[in-house]
Amino acid sequence: MTETSAQALTNSAAPRTNFIREIIDEHNNSGRFGGRVHTRFPPEPNGYLHIGHAKSICLNFGLAQDYGGKCNLRFDDTNPTKEEQEYVDSIIDSVRWLGFDWEDRLFYASDYFDQLYEWAVQLIKLGKAYVDHLTADEIREHRGTLTQPGKDSPYRNRTIEENLALFEQMRSGVLADGACVLRAKIDMASPNLNLRDPVLYRILHAEHHRTGNKWCIYPMYDYAHGQSDSLEGITHSICTLEFEDHRPLYDWFIQTLGIYAPQQIEFARLNLTYTVLSKRKLIRLVQEGHVRGWDDPRMPTISGLRRRGYTPEAIRAFADLIGVAKSNSTVDMQMLEYCVRQDLNKRALRVMAVLKPLKVVITNYPEGQIEELEAVNNPEDPQAGTRQVPFGRVLYIEQDDFMENPPNKFYRLAPGREVRLRYAYFIKCEEVIKDADGNIVELRCTYDPATKGGDAPDGRKVKATIHWVSAQHAQQAEVRLYDYLLSVANPSEDEDGRDFTALLNPKSLEVLPTAYVEPSLAGAAAGTRYQFERVGYFCVDPDSTAEKMVFNRTVSLKDEWAKIQKQQG
């Protein structure tokens, strides 16, 4: 889906429903859960959340909100070797920043370790679980394939008493990591590989971020997940599509243990062009130094998007726009950019900033004179008011706004040509100054005092309006121009099968160390968002200081001249 189709969807007044809402409506009509709607967002604390997680967060919390229900935040923290408190803290911060509240319902799978252990003992007593001494490789070999049934482990028919004693040994800490595992006893010939005696517990002598060293055996995700939902009274357990084949296993646990059964519903996860949403790949980007950290503005993480200048409202609008489906597809990055443009257009103050400065001297403007010109803060919001912008004899304009030998359809400044300076006067280029290497370093221009405010009394017209800053008053700033993380839209379709790091965009970041912004931006707090007129939307970076401001480009504006150049190329 492109930005054009996104706009069409946004403009449509028809309410959008989806298959998940239809299922919930059916349950409410039948009274299956007594009219309750109770969802959860269950991240694993082994990385930072990304835009794909944002879709799930908006879906789960949004459904609970719309149906007058509840949504829990639960950490599925069953693997202490990959989990860190840093990840827990970042996830809590990201969900809260998106605008959602779990009230007093913050839970952890580790809260249920005692109960999960008791249920494992119950499965052993029912003859439905056994301790297996096969190695991980041997278990894999015995598992079979999609076309061949698996083989029973030689340890599968141990007695209940033997299994109870061995499981107690596993828990006591006398056995080494990997010595044995507890497996469910289901069906090694099942066409669903997830039902071929999956592992329930493994030995891990590792300190847990919450339970410390209390446990040296930890439940597998597939064992803990469904029962955690059951313990919390979840009505609708909403998962991504890859868990569809796991649902029969979750149902088997619930039915065998005879406990409360939520309804699992699967939807397609988000795939987005020009980036990666695999947590494993994102960890590689951080650990291998391809980016500056989890909150690098090139990252699709929520913290990265936030640092880049995205708003929670834009991300929620994006999640609503793309909806939910039963089949996988890829969403164009332009849709996400469309959502943030729409949002920032309404809320961002307009300011003038020159990223690649070219000096302009207005030769007939009085030396030493400074004027304060009135500028509109946001034409979309009359209540935003106006501000005063200083104007003097020496200005900076964008290098791209001048061409010495302009081609057709280039209407900006050129020798002998007039343009309008935003909020100011008409100016005409009279002379071009170059350095010894032939580079343009300065323009000598004249202005027409009668055109103050941007209109000529004699009715003459100009075809372009350009922005500027006063050289005497402008604040120097560093501007970071961020582009797509990857150089290809769909890395999975790379014909050469290259590692995704070979597809990283070498132009994903361009740093402009000597940009100039108007003085009204001095002291702006980190996270403040602006529209740099005619350039794009920008956000103050946390690296910004009183001595040198730093701005991140959130997203560009549409550039008509760039579009013409592209068409001609």
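Residues numbered from 1 in each chain as written. Predicted model: local features only at pLDDT ≥ 70, side-chain atom pairs only at ≥ 80, totals over all residues. Heavy atoms only, no water.

For the structure shown, the criterion picks out 2 cavities of 30 Å³ or more. Taken as a whole, the largest cavity holds about 150 Å³ of empty space. Lining the largest cavity are 17 residues, and of these Arg-298, Met-299, Leu-305, Arg-308 and Met-333 lie nearest its centre. The element contributing the most residues to the lining of the largest cavity is helix H13 (residues 333–347), with 3 residues. Split by residue class, the lining of the largest cavity holds 12 nonpolar, 1 polar and 4 charged. Space inside the second largest cavity adds up to approximately 90 Å³. Forming the walls of the second largest cavity are Gly-226, Asp-229, Ser-237, Tyr-250, Asp-251, Ile-254, Pro-262, Gln-263 and Gln-264. Listing elements by their share of the lining of the second largest cavity, those giving two or more residues are helix H8 (221–231), helix H9 (247–257) and strand S9 (263–267). With 3 residues, the single largest contributor to the lining of the second largest cavity is H9. (1 Å grid on protein atoms, 1.4 Å probe; cavity = no way out; pocket = protein on both sides within 12 Å on 5 of 7 lines; lining within 4 Å. Points joined across faces, edges and corners; volume = space filled by probe spheres on them. Helix = DSSP H or I, 4+ residues; strand = E, 2+ residues; numbered from the N terminus. Nonpolar A, V, L, I, M, F, W, Y, C, P; charged D, E, K, R; others polar.)

Attention shifts here to the pattern of salt bridges. Pairing is possible between side chains of opposite charge, provided their charged atoms come close. For the structure on display, the rule yields 42 salt bridges. Across the salt bridge formed by Glu-288 and Arg-284, the nearest N and O atoms sit 2.8 Å from each other. Judged by relative accessible area, which is 42%, Glu-288 ranks as partly exposed. Glu-442 is the salt-bridge partner of Arg-444, the closest N and O atoms lying 2.4 Å from each other. Among the residues examined, Glu-442 registers a relative accessible area of 12% and is labelled buried. Residues participating in the shared-partner salt-bridge network are Arg-292, Asp-295, Arg-307, Glu-478, Arg-480, Asp-541 and Asp-543. (Salt bridge = Lys/Arg side-chain N within 4 Å of Asp/Glu carboxyl O. Buried < 20%, exposed > 50% of the residue type's maximum accessible area, 1.4 Å probe, protein only.)

Confidence along the protein averages 94 in pLDDT terms, with 95% of residues attaining 70 or more. In this model, residues 11–15 is a region of pLDDT below 50 whose contacts with residues beyond four sequence positions or in other chains number 0 contacts. (pLDDT = per-residue confidence, 0-100. Contact = heavy atoms within 4.5 Å.)

One pass over the structure, following the stated rule, counts 25 aromatic pairs. Where Phe-113 meets Tyr-218, the ring centres are 5.9 Å apart and the plane angle is 70 degrees; that geometry is what we call edge-to-face. Placement of the pair is Phe-113 in helix H5 (residues 113–125) and Tyr-218 in strand S7 (residues 217–219), with a sequence separation of 105 residues. You'll find Phe-113 and Tyr-218 in the same group, each marked buried. On the basis of an interplanar angle of 50 degrees and a centroid distance of 5.8 Å, the ring pair of Tyr-117 and Trp-215 is categorised as tilted. Here Tyr-117 is found in helix H5, whereas its partner Trp-215 is found in the loop between strand S6 (199–203) and S7, with 98 residues between them in sequence. (Phe/Tyr/Trp six-rings, centres within 6.5 Å; stacked < 30°, edge-to-face > 60°.)

Hydrogen bonding along the main chain pairs the strands of a sheet, whether they run parallel or antiparallel. Sheet architecture is open: 7 strands sit in the order S21-S18-S19-S20-S14-S17-S22, paired in mixed fashion. Two strands bound the open sheet, and with one partner strand each, they are strand S21 (465–466) and strand S22 (469–470). Pairing of strand S14 (residues 357–362) with strand S20 (residues 440–448), which is carried by 4 bridges, proceeds in the parallel orientation. Bridge pairing in S20 links Val-361 to Arg-444. (Pairing = 2+ DSSP bridges.)

With 43 residues, the main nonpolar core has Ile-51, Ile-57, Val-95 and Phe-318 as its most contacted residues. Elements supplying a minimum of two residues to this core: helix H3 (51–66), strand S2 (70–75), helix H4 (85–97), helix H11 (302–308), helix H12 (312–322) and H13. Every residue in contact with Phe-318, bar those within four places of it in the chain, is listed here: Ile-51, Leu-270, Leu-272, Val-331, Met-335, Leu-336 and Cys-339. Ranked by size, the runner-up nonpolar core spans 34 residues in total, among them Ala-129, Phe-167, Ile-203 and Leu-257. (Core = buried A, V, L, I, M, F, W, Y, C linked by side-chain atoms within 4.5 Å.)

Now for the pairing of strand S18 (residues 418–421). Pairing analysis gives 3 bridges linking S18 to strand S19 (residues 426–434), with the strands arranged antiparallel. Each residue of the ladder has a partner; that of Glu-418, found in S19, is Lys-428. Connecting S18 to the next strand, S19, in antiparallel fashion are 4 residues, including Tyr-423 with a positive phi near 70 degrees. By the bridge criterion, 2 bridges tie S18 to S21 in an arrangement that is parallel. Note that in S21 the partner of Leu-421 across the bridge is Ile-466.

What follows is about the sheet that holds strand S25 (residues 529–532). Within the open sheet, the 7 strands sit side by side as S12-S25-S26-S27-S23-S24-S13. Their pairing is mixed. The strands lining the two open edges of the sheet, one partner per strand, are strand S12 (349–351) and strand S13 (353–354). Two strands pair when backbone bridges link them, and S13 and strand S24 (residues 509–517) are joined in this way by 2 bridges, in the antiparallel orientation. Bridge pairing in S24 places Ala-353 opposite Val-517. Packed on one face of the sheet, H13 meets S12, S25, strand S26 (536–540) and strand S27 (549–556) and runs near 120 degrees to S27. (Axes fitted to C-alpha atoms, helices over the stretch in contact; angles between N-to-C directions.)

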